[in-house]
Amino acid sequence: MPLVIPQVSQDDKGEWLNKLVGKKISENTSDVNTFAKTDLPEDHRIIKPNDPVTMDFRPNRLNINLDEQGVVHSVGFF
């Protein structure tokens, strides 16, 4: 079964949350515990604890927030 990637929009936040929370991000492997960067939308950024981030508002950019162990704990669009 192919992986279905939602379009990037604020309305899809819940869908991305369900797909990513609790998983680690890998370069190109998706399985029960990981999600491949190659399957993320083009306009995304991965934010690790204490990473500096720009404050420019881009409502179609998927922001993926990782915890100290590199596991996704939240997503958002900004």
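A quick note: this is a predicted structure, and the numbers were derived from the prediction, not measured.

1. Notes on the overall build of the protein
Argument step 1. Along its length, the protein carries one helix and five strands.
Argument step 2. When its helices and strands are written in sequence order, the protein yields α-β-β-β-β-β.
Argument step 3. Counted over contacts in the protein with a minimum sequence separation of 6, partners at least 24 positions apart contribute 33%.
Argument step 4. Per element, the accessible surface of the protein, about 5100 Å² overall, is 52% carbon and sulfur.

2. Comments concerning the pattern of salt bridges
Argument step 1. Using the criterion set out here, one finds three salt bridges in the structure.
Argument step 2. Between R61 and D56 there is a salt bridge, with the nearest N and O atoms lying 3.5 Å from each other.
Argument step 3. Overall, R61 belongs to the buried group, its relative accessible area being 4%.
Argument step 4. D56 sits in the partly exposed class, given a relative accessible area of 35%.

3. Quick notes on the sheet that holds strand β5 (residues 72-77)
Argument step 1. Taking strand neighbours across the sheet as the criterion, the three strands line up as β3-β4-β5 in an open arrangement whose pairing is mixed. In the strand order of this sheet, the two ends are held by β3 (44-47) and β5, each with one partner. Adjacent strand axes in the sheet meet at a mean angle of 20 degrees when their direction is disregarded.
Argument step 2. In this structure, strand β4 (residues 62-66) lies alongside β5, joined through five bridges in antiparallel fashion.

4. Focus on the packing of aromatic side chains
Argument step 1. In this structure the tally under the stated criterion is one aromatic pair.
Argument step 2. The interplanar angle of 75 degrees and the centroid separation of 6.1 Å between the aromatic rings of W16 and F35 together place this pair among those described as edge-to-face. Separated by 19 residues along the polypeptide, W16 in helix α1 (residues 13-20) and F35 in strand β2 (residues 34-36) bring together distant segments of the chain. Judged on exposure class, the residue W16 and its partner F35 are both buried.

5. Focus on the pairing of β4
Argument step 1. Among the five residues of β4, five are classified as buried, and the element is accordingly described as predominantly covered.
Argument step 2. The alternating pattern of β4 places L62, I64 and L66 on one face and N63 and N65 on the opposite face, and all of these are buried.
Argument step 3. Of the strand pairs in this sheet, β3 and β4 are connected by four bridges, and their pairing is parallel. Bridge pairing in β4 places H44 opposite L62.
Argument step 4. Taken together, β4 and the strand that follows it, β5, pair antiparallel across an intervening segment of five residues, in which G70 is found at a positive phi of about 80 degrees.

6. Focus on the side chain of K23
Argument step 1. Tracing the backbone through its elements, the reader meets K23 in the loop between α1 and β1 (24-26).
Argument step 2. Buried charged residue K23 carries no salt bridge. Nearest counter-charge: D31, at 6.6 Å.
Argument step 3. When sequence neighbours within four positions are dropped, the list of residues in contact with K23 reads D31, V32, N33, T34, F35, G70, V71 and V72.

The rules behind these values
- Residues numbered from 1 in each chain as written.
- Predicted model: local features only at pLDDT ≥ 70, side-chain atom pairs only at ≥ 80, totals over all residues.
- Heavy atoms only, no water.
- Helix = DSSP H or I, 4+ residues; strand = E, 2+ residues; numbered from the N terminus.
- Contact = heavy atoms within 4.5 Å.
- Areas by Shrake-Rupley, 256 points an atom, 1.4 Å probe, with all protein chains shown as cover.
- Salt bridge = Lys/Arg side-chain N within 4 Å of Asp/Glu carboxyl O.
- Buried < 20%, exposed > 50% of the residue type's maximum accessible area, 1.4 Å probe, protein only.
- Pairing = 2+ DSSP bridges.
- Axes fitted to C-alpha atoms, helices over the stretch in contact; angles between N-to-C directions.
- Phe/Tyr/Trp six-rings, centres within 6.5 Å; stacked < 30°, edge-to-face > 60°.
- Lys, Arg positive; Asp, Glu negative; His and termini not counted.

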